[in-house]
Amino acid sequence: MINLKPPEARASTSAPVTAEKALSSIISRGWKEVRDSADADLRLMKNRANSFKDLASSFDRELENFLHSASKSTFAVPAIGSSPSESDFVKRLKPKLSEFRRTYSSPDFSRKVLEKLSPRASIRIDLSAIRNAIVSEVEDSEGAVDFDEKGRLRRGRRVGFTDFRWEESRLKDWEPVRALKTRLQELERKSSSSEILESLKNSEFVEKVKSSLKAIRKEPTESKEVPPLDVPELFAYLVRQSRPFLDQLGIRRDISDKIVESLCSKRKNQLLLRSTSAGESSILESDNIGDELDVRIASVLQSTGHCYEGGFWTDSSKHDTTNGKRHVAIVTTASLPWMTGTAVNPLFRAAYLSESAKQDVTLLVPWLCRSDQELVYPNNLTFSSPEEQEAYIRNWLEERVGFKTDFKISFYPGKFQKERRSIMPAGDTSQFIPSKDADIAILEEPEHLNWYHHGKRWTDKFNHVVGIVHTNYLEYIKREKNGAIQAFFVKHINNLVMRAYCHKVLRLSAATQDLPKSVVCNVHGVNPKFLKIGEKVDAERERGEQAFTKGAYFLGKMVWAKGYRELIDLLAKHKKDLDGFDLDVFGNGEDAHEVQSTARKLDLNLNFMKGRDHADDSLHGYKVFINPSVSDVLCTATAEALAMGKFVVCADHPSNEFFRSFPNCMTYSTPEDFVAKVREAMANEPQPLTSEQRYNLSWEAATQRFMQYSELDRVLNINDKEVDSQSSQNNHQIMKKSVSMPNLTGVVDGGLAFAHYCFTGNEFLRRCTGAMPGTREYDMKHSEDLHLLPPQVENPIYGW
């Protein structure tokens, strides 16, 4: 078609055409953006619908499993009669299912759910700016725009797009809602209780509930595994716990042990048979009936949930050992320069214990006033101050041990009792160990220290208390007037103080009385100087020199009880058999005049000389040491003679049991045997000691034995990580027994300690039993010498 319009007209008509194209382009681009946005919203709605579908499916599966597993469940349900429809469970369930289906099947539910969960597809685009541009462009032009949208543009003032919504007809076909309705209809149609219970039994949810209930209801397996106590076991435990009373009544411990063993033997065989058939190890396979019974009682008590929290007399205010070094306090009844066993042996013990870096050591010795020193110390040796005596003690010790000692020496007030020839403590000895150092106490002669002890209980103040019995007091007392009666009372008093004040008691030999909590072990060694003398003698013999140029001798404090009575009786009875046999005797003592006069009357070949140190050079040449004493617990002189390589002729007595293993020790049991052994020793040469025999006589070996038998190694290493498994198991059993089982012995011991404290607090009762006047408290002289507080004023008779 040819356009005949003039150029002006053609120019005027091109403007509307350009505007129309621009409008079409803008609308096309806007529509594309709207369409893309709508597609994105539709995808979002689809994703949300699928998630709701998955949620509904999961709920459907869980409900189905719950219902289909009920019939196999172990839960208790109402009894089902002849017809399943009569079950109360089903009758209650069916109305609920109908109501549930009606509610979730209604169209309102679908619409409300979709309104809450589905996105609203409403998209609005404000095209007012485009409209204004187009209208202004058209109105400014003179030409006409010929298209139908013009009127609508003027009327509507905007371009709107209809909301994209889902119609309700489509809601009816939505898959999640349809699946939910279908499942509810099927559930309602199930009228058989067996089908419902079957589904409930197979439900995973029910299984989880069952396992949770089993976990909550835990069976007390321990109580089922531990059989109850029977009457023989209860009676055996009563006998075992009644040992304090039986000991005080004089009933021997082996008798009570046999009673306990006979009562427990039947039960033990049953338990061993059961453990063997089950293929398990049993702690009852050991030979210690007492430990077996304790563990048995403890296991029964623990199975009932019982926990023993301590006794009536328990004192929990003890030294805390968690921080700092352990501390050992050695308390003895004598001190140098008195050359007695209780002065020398504790001194060596302190020196060798202090060599270890594990503990600090304090040696507590008695301080005597000047008047008592003149009665006790030899050669008129006295000291004006404790510091002067301490210097003497250290010099004497270091000359013999050969190393610098590192322990503390302290003093407590003491008084010498002439009648008993002993030093008795004055006041409360335990107060001279500070509370910060009150950890482990070693009581040398614990019965002697505690006969009249009136103060803090040792086992309350210290964590571990060990008593070492040096002296056979009963043997000495029996030699006195009315000795049998006195020995009876002293025996029971010794039992009482041992129970009240010691955790462990060591008896140097079986010559002492059988004390509670005691074991027999020689924890004494010999002065290293004597071992060096023996080595010198062996060297002389190897060079072919004559080491022994003299015959026989005896050395000891010159009192009848130290073996002089036995020696004179043997020599007097066999004076003809021992014709030409001379014996040199070294010693000083209270009975010196009587002993010498008796020997002269009997015309015995005894040469009496002053007492001297056993290591004196004048004694090295003697070949035979004769010691007929049966009152000693462990004769130190016998050990020293063996260390020097000499023959020793001694009685076949429990006090000499430790020396039997040495070839140079010759024991006799009859007077005739004594003569034979003396002749044999005088006619032969002693055998050299082996290295093992020398070590057994040393203080290093004695310290090792002491650590073991006193249980001090366990106490000192109670927190050590390097404890073997067997020790850990034993400690666990001990702890188990101590925590779980009430101990009648501890109650009795506490009661005895309280009774003893009340008794020794009365001055009248103290004097009636032989205590020195004024020993309940130290006197003014002691307070001046030791720089103590003035003594308390007390009633001179009653002492209340």
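This structure is a prediction, so every number in the text was calculated from the model and none was measured.

## A few points about the sheet that holds strand 14 (residues 665-668)
Taking strand neighbours across the sheet as the criterion, the six strands line up as 11-10-9-12-13-14 in an open arrangement whose pairing is parallel. A single partner strand is all that each edge strand has here, and the edge strands are strand 11 (606-609) and strand 14. Mean inter-strand twist for the sheet, computed between neighbouring axes without regard to direction, equals 25°. The sheet contact formed by strand 9 (residues 550-555) and strand 12 (residues 622-627) spans three bridges and is parallel. The residue bridging A552 from the neighbouring strand is V624, located in strand 12. Strands in contact with helix 26 (residues 671-683) are strand 9, strand 12, strand 13 (647-651) and strand 14; relative to strand 14, the strand with the most contacts, it is inclined by about 160°.

## Things to note about the nonpolar core
Core analysis: the largest hydrophobic core is formed by 73 residues, its most contacted members being F407 and F706. Considering each element in turn, this core owes the most residues, eight residues, to helix 15 (residues 341-353). Beyond its immediate stretch of four places on either side in the chain, F706 contacts R349, L353, I442, V466, I468, L506, V523 and L712. Ranked by size, the runner-up nonpolar core spans 29 residues in total, among them F554, V649, A651 and A681.

## Some words on the pattern of salt bridges
Summed over all chains, the structure comprises 26 salt bridges. The salt bridge partner of R766 is E763, with a shortest N-O separation of 3.9 Å. Remark: E763 and R766 occur in helix 32 (residues 763-768); sequence separation between them is three residues, near one turn of the helix. Note that D785 is salt-bridged to K781, the shortest N-O span being 3.6 Å. Linking D785 with K781, this pair stays in helix 33 (residues 780-785), spanning four residues, or about one helical turn. Here D785 falls in the buried class, since its relative accessible area comes to 14%. Given a relative accessible area of 40%, K781 falls into the partly exposed group. Several salt bridges converge on common partners, so that one network encompasses E399, R400 and D613.

## Notes on the sheet that holds strand 7 (residues 504-507)
Taking strand neighbours across the sheet as the criterion, the eight strands line up as 4-3-2-1-5-6-7-8 in an open arrangement whose pairing is mixed. Among the strands making up the open sheet, the edge pair consists of strand 4 (422-425) and strand 8 (518-520). Each strand axis lies, on average, 30° off the axis of its neighbour in the sheet, ignoring direction. Across the sheet, helix 28 (residues 699-709) is in contact with strand 5 (440-444), strand 6 (464-469), strand 7 and strand 8; its angle to strand 7 comes to roughly 140°.

## Quick word on helix 28
Among the residues of helix 28, W699, A701, A702, T703, R705, F706 and M707 are the ones counted as buried. Along its buried surface, helix 28 packs onto helix 15, strand 5, strand 6, strand 7, helix 27 (691-697) and helix 29 (712-716). Phi turns positive one or two residues past the end of helix 28, at E711, with a value near 65°.

## Remarks on the pairing of strand 4
Because side chains alternate across strand 4, one face comprises the buried residues S422 and M424, and the other comprises I423 and P425, equally buried. Sheet analysis places strand 3 (residues 408-417) next to strand 4, joined by four bridges and oriented antiparallel. Across the sheet, K415 pairs through a bridge with M424, a residue of strand 4. The antiparallel pairing of strand 3 with strand 4 creates a hairpin that spans four residues between the two strands, and R421 there sits at a positive phi of about 55°.

## A look at the confidence of the model for the protein
Averaged over every residue, the pLDDT of the protein is 76; residues scoring 70 or more account for 63%. Predicted confidence is poor over residues 1-17, with pLDDT under 50, and the contacts of this stretch with residues over four places away or in other chains come to four contacts. Low pLDDT, under 50, characterises residues 119-123; the predicted model gives this stretch 18 contacts beyond four residues in sequence or across chains.

## Regarding unusual backbone geometry
Negative phi values dominate among residues other than glycine, just as trans dominates among peptide bonds. The linkage connecting L336 with the following residue, P337, adopts the cis geometry, with an omega of 15°. By secondary structure assignment, the location of P337 is in the loop between strand 1 (326-331) and helix 15. At N379, a residue that is not glycine, the phi angle is positive and equals roughly 55°. Positionally, N379 belongs in the loop between helix 16 (370-376) and helix 17 (386-401). For N379, a relative accessible area of 77% corresponds to the exposed category.

## Overview of the packing of helix 15 against helix 17
Any two packed helices are characterised by how steeply their axes cross, that is the angle between the axes, and by the distance between the axes. The N-to-C vectors of helix 15 and helix 17 enclose an angle of 70°; their axes lie 11 Å apart at closest approach. Judged by the inter-axis angle, helix 15 sits roughly perpendicular to helix 17. Seen along the crossing, helix 15 lies across helix 17 with a hand that is right-handed. In this structure, helix 15 uses V344, L347, F348, A351 and Y352 to contact helix 17, whose residues at the interface are I393, W396, L397, R400 and V401. Residue classes in the contact of helix 15 with helix 17 are distributed as nine nonpolar, no polar and one charged.

## Considerations on the environment of D591
Here D591 shows up in the loop between strand 10 (583-586) and helix 24 (592-601). Between the C-alpha atoms of D591 and M558, which are 33 residues apart in sequence, the distance is 5.8 Å. Aside from chain neighbours lying at most four places away, what touches D591 is R421, M558, V559 and W560.

What counts, and at which threshold
- Residues numbered from 1 in each chain as written.
- Predicted model: local features only at pLDDT ≥ 70, side-chain atom pairs only at ≥ 80, totals over all residues.
- Heavy atoms only, no water.
- Pairing = 2+ DSSP bridges.
- Helix = DSSP H or I, 4+ residues; strand = E, 2+ residues; numbered from the N terminus.
- Axes fitted to C-alpha atoms, helices over the stretch in contact; angles between N-to-C directions.
- Contact = heavy atoms within 4.5 Å.
- Core = buried A, V, L, I, M, F, W, Y, C linked by side-chain atoms within 4.5 Å.
- Buried < 20%, exposed > 50% of the residue type's maximum accessible area, 1.4 Å probe, protein only.
- Salt bridge = Lys/Arg side-chain N within 4 Å of Asp/Glu carboxyl O.
- pLDDT = per-residue confidence, 0-100.
- Parallel < 35°, antiparallel > 145°, perpendicular 65-115°, else oblique.
- Left-handed = near helix turned anticlockwise from the far one by under 90°.
- Nonpolar A, V, L, I, M, F, W, Y, C, P; charged D, E, K, R; others polar.

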